[in-house]
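Understanding the architecture of this molecule
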Amino acid sequence: MNPKEPSRRRFLKNGAALAGLAVGASATKASAADAPEERVDLLHKVGERSHFVDAIRRGSANNPERRLPDEPRNFGISTPLQDSDGTVTPASLHYIVSHGYEPPDINPQEHRLIIHGMVERPLSLSMDDLRRLPSVSRFHFIECHGNSTTGGLGGAARISPDATVQDTHGFTSCSQWTGVPLPLLLKEAGVKKGATWIIAEGADEYKHSKSIPIDKALDDALVAYAQNGEPVRPEQGYPLRLVIPGWQGINNVKWLRRIDLVDEPYMGMMEISRYPRLGLDGKSRWFEFEMGPKSVITRPSGGQRLPVPGFYEITGLAWSGGGAIRRVEVSTDGGATWKDAELQGPVASKAHTRFTIPWNWSGEETTIQSRCTDDKGTVQPTIAEVAKHWGVDLDYFRKITLIVSDLNAIQPWKINRDGSVKNAIF
Ligand SMILES: Nc1nc2c(c(=O)[nH]1)N[C@H]1C(S)=C(S)[C@@H](COP(=O)(O)O)O[C@H]1N2
Ligand SMILES: [Mo]
């Protein structure tokens, strides 16, 4: 180290290193050595995380007024993004939106994917059939378009000053998905002239279905049987799910059992009841698909506390349905100036992208935020810019109780003098 430039290499000042050590040393809990023999044998077969790790998914309560009569539980369950590193979400922490239903218990030996409708050769494929076909593995985020919106998912928690990044942005996760490209399957079936939509249907209790334009199905859609190197988890659609990269989460049909080729959208229950975006003019926007560029700082973020002034790495995630993330800028002075963050490679298209930037916190009150730009050159807007674009005032976002879908506004976090971090979206 060059002694003339000590600050460039010495990050931890003001005793932060020792404070951190003290926390680790005080934690004493049972260790694996105490475990009975059978448990050790089991752990050798299938591992589990350390019992010191406490990151958990959280349920977001349904708005009782909008709850369907037979919807039993939480509308959605969110990912603890504040505890995330890198870009892959552990399957056990992937967010869940199953509209309150539990996953069906599907025997893969009996499961079939049927492709029919406007095709030359209808197909009925077993899981073994699918595994014999050429496969691809791709990193893609899935995101409910109610994520990071006001109203709807997260509800009041999303706009509360005490919101965590799990409350504000926990309805997105990213996995490496492995499976068969849907264009390959559709070619096998032979798409008939005039087929313009596919209707994908799941095997869940209410038979989730979604209308998807055939051009997207023939572009980069994927029929996935694996997630992060293991079979897709039950909550994510075991044994088979559709992955529609970069589009609203609702399109990624889980427990996929049927693809019907048709010449018009079918107006499935969820796509017409819950998911259209209601404007102030009383008109609904239907069939919006692509998720816009979005980024959020995950550390430091809402609910966390900076113990002392000094060095911190600011880190977060950026993603876009429009392609790869090209740039992330971070402001640590309330939006007055912006600096380019570093993107941790490799940067995948339509996938979470990790960004980092070094920061020295002076101990003064300030606001930190990130904004991203995607391949198409689209820049993430502020909430004021979104309001202007939609022709609404900011009160609209505060008062709305329905899902305001596709809100990709910049997320500011306020740092108080005592080091506490608060949601500063308003
Ligand atoms: N079969 C089925 N597929 C479904 C759903 C569902 O309820 N049933 N929910 C959709 C919605 S709205 C979202 S946001 C994503 C959530 O995927 P995840 O639960 O794996 O995170 O799945 C979609 N696919
Ligand atoms: Mo969703």
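Okay, so let's go over this structure. Owing to the predicted nature of the structure, the values given are computational and were not obtained by experimental measurement.

1. Re the overall build of the protein
Regarding its fold elements, the protein presents 11 helices and 24 strands. Here the protein holds 426 residues, and 48% of them are scored as buried. Long-range pairs, those at least 24 residues apart, make up 72% of the contacts in the protein between residues at least 6 apart in sequence.

2. Quick look at the nonpolar core
One finds Leu113, Ile115, Leu182, Leu185, Leu242 and Leu261 to be the most contacted residues of the largest nonpolar core, which totals 34 residues. Mapped by element, the contributors of at least two residues to this core are strand S4 (112-117), strand S5 (123-126), helix H4 (127-132), helix H7 (182-189), strand S8 (197-202), helix H8 (214-217), strand S10 (222-227) and strand S13 (256-262). The contact partners of Leu242, leaving out residues within four places of it in the chain, are Leu182, Ala200, Ile212, Leu222, Val223, Asn251, Asn252, Val253 and Leu256.

3. Considerations on the sheet that holds strand S16 (residues 294-299)
Across the sheet, 4 strands lie side by side as S16-S17-S21-S20; this open sheet has antiparallel pairing. This sheet does not close on itself; its edge strands, each paired only once, are S16 and strand S20 (342-343). One ladder, built from 2 bridges, connects S20 with strand S21 (residues 353-361); its direction is antiparallel. Paired with Leu343 across the bridge in S21 is Phe355.

4. Describing the sheet that holds strand S18 (residues 325-331)
To summarise the sheet geometry, strands pair through backbone hydrogen bonds and adopt either a parallel or an antiparallel arrangement. Pairing in this open sheet of 5 strands is antiparallel, and the strands run S19-S18-S22-S23-S24 from one edge to the other. Among the strands making up the open sheet, the edge pair consists of strand S19 (339-340) and strand S24 (421-423). Where strand S23 (residues 413-415) meets S24, 3 bridges bridge the pair, whose relative direction is antiparallel. Bridge pairing in S24 places Ile415 opposite Val421.

5. As for the site of ligand 1
Around ligand 1, 20 residues are found, and the nearest of them are Tyr95, His99, Asp204, Arg241 and Lys254. In the environment of ligand 1, a nitrogen atom lies 3.0 Å from a nitrogen or oxygen atom belonging to the backbone of Val97. Separating a nitrogen atom of ligand 1 from a side-chain N or O atom of Asp204 is a distance of 2.6 Å. Among the residues forming the shell around ligand 1, the class breakdown is 9 nonpolar, 7 polar and 4 charged.

6. Notes on the pattern of salt bridges
Tallied over the full model, the rule gives 17 salt bridges. Residue Lys422 is joined to Asp162 by a salt bridge in which the shortest nitrogen-to-oxygen separation is 2.7 Å. With Lys422 in strand S24 and Asp162 in the loop between helix H5 (156-159) and helix H6 (165-169), the pair connects residues that are 260 residues apart, well separated along the chain. For Asp162, a relative accessible area of 51% corresponds to the exposed category. Among the charged side chains, a network of salt bridges with common partners joins Arg327, Glu329, Asp340 and Arg371.

7. Considerations on the side chain of Thr298
Among the secondary structure elements, Thr298 is positioned in strand S16. A polar side-chain atom of Thr298 sits 3.1 Å from a polar atom in the side chain of Arg354. The residues touching Thr298, leaving out its near neighbours within four places in the chain, are Leu81, Gln82, Ser84, Val165, Gln304, Thr315, Gly316, Leu317 and Arg354.

8. Here's the deal with a nonpolar patch on the surface
Taken together, the side chains of Met267, Ile272 and Trp286 make up a nonpolar region of the molecular surface, amounting to roughly 260 Å² of accessible area. Relative to the elements of secondary structure, Ile272 occurs in helix H9 (residues 269-273).

9. Here's the deal with the packing of aromatic side chains
Each aromatic ring pair is summarised here by two numbers: the centre-to-centre distance and the angle between the ring planes. Tallied over the entire structure, the rule returns 9 aromatic pairs. Measuring from centroid to centroid gives 5.8 Å for Tyr95 and Phe171, while their planes differ by 80°, and the two rings are edge-to-face. Remark: Phe171 occurs in the loop between H6 and strand S7 (172-181) and Tyr95 occurs in the loop between strand S2 (76-78) and strand S3 (96-97); sequence separation between them is 76 residues. Judged by its relative accessible area of 5%, Tyr95 falls in the buried class. Each ring, one from Trp247 and one from Phe289, has its centre 4.4 Å from the other, and the planes form 25°; the classification is stacked. Of this pair, Trp247 sits in the loop between strand S12 (241-243) and S13 while Phe289 sits in the loop between strand S15 (284-285) and S16, placing them 42 residues apart in sequence. For Phe289, a relative accessible area of 15% translates into the label buried. Within the aromatic cluster, the residues linked to one another by ring pairs are Trp197, Trp247, Phe287 and Phe289. Here the basic side chain of Arg371 rests over the ring of Trp338, its NZ or CZ set 4.1 Å away from the ring centre.

What counts and how
- Residues numbered from 1 in each chain as written.
- Chains lettered and ligands numbered in written order.
- Predicted model: local features only at pLDDT ≥ 70, side-chain atom pairs only at ≥ 80, totals over all residues.
- Heavy atoms only, no water.
- Helix = DSSP H or I, 4+ residues; strand = E, 2+ residues; numbered from the N terminus.
- Buried < 20%, exposed > 50% of the residue type's maximum accessible area, 1.4 Å probe, protein only.
- Contact = heavy atoms within 4.5 Å.
- Core = buried A, V, L, I, M, F, W, Y, C linked by side-chain atoms within 4.5 Å.
- Pairing = 2+ DSSP bridges.
- Near = heavy atom within 4 Å.
- Polar contact = N/O pair within 3.5 Å; in protein donor to acceptor, adjacent residues only side chain to side chain.
- Nonpolar A, V, L, I, M, F, W, Y, C, P; charged D, E, K, R; others polar.
- Salt bridge = Lys/Arg side-chain N within 4 Å of Asp/Glu carboxyl O.
- Patch = residues over 30% accessible without salt bridge, like charges linked within 9 Å, V, L, I, M, F, W, Y side chains within 5 Å.
- Areas by Shrake-Rupley, 256 points an atom, 1.4 Å probe, with all protein chains shown as cover.
- Phe/Tyr/Trp six-rings, centres within 6.5 Å; stacked < 30°, edge-to-face > 60°.
- Lys NZ or Arg CZ within 6 Å of the ring centre and 35° of its normal.

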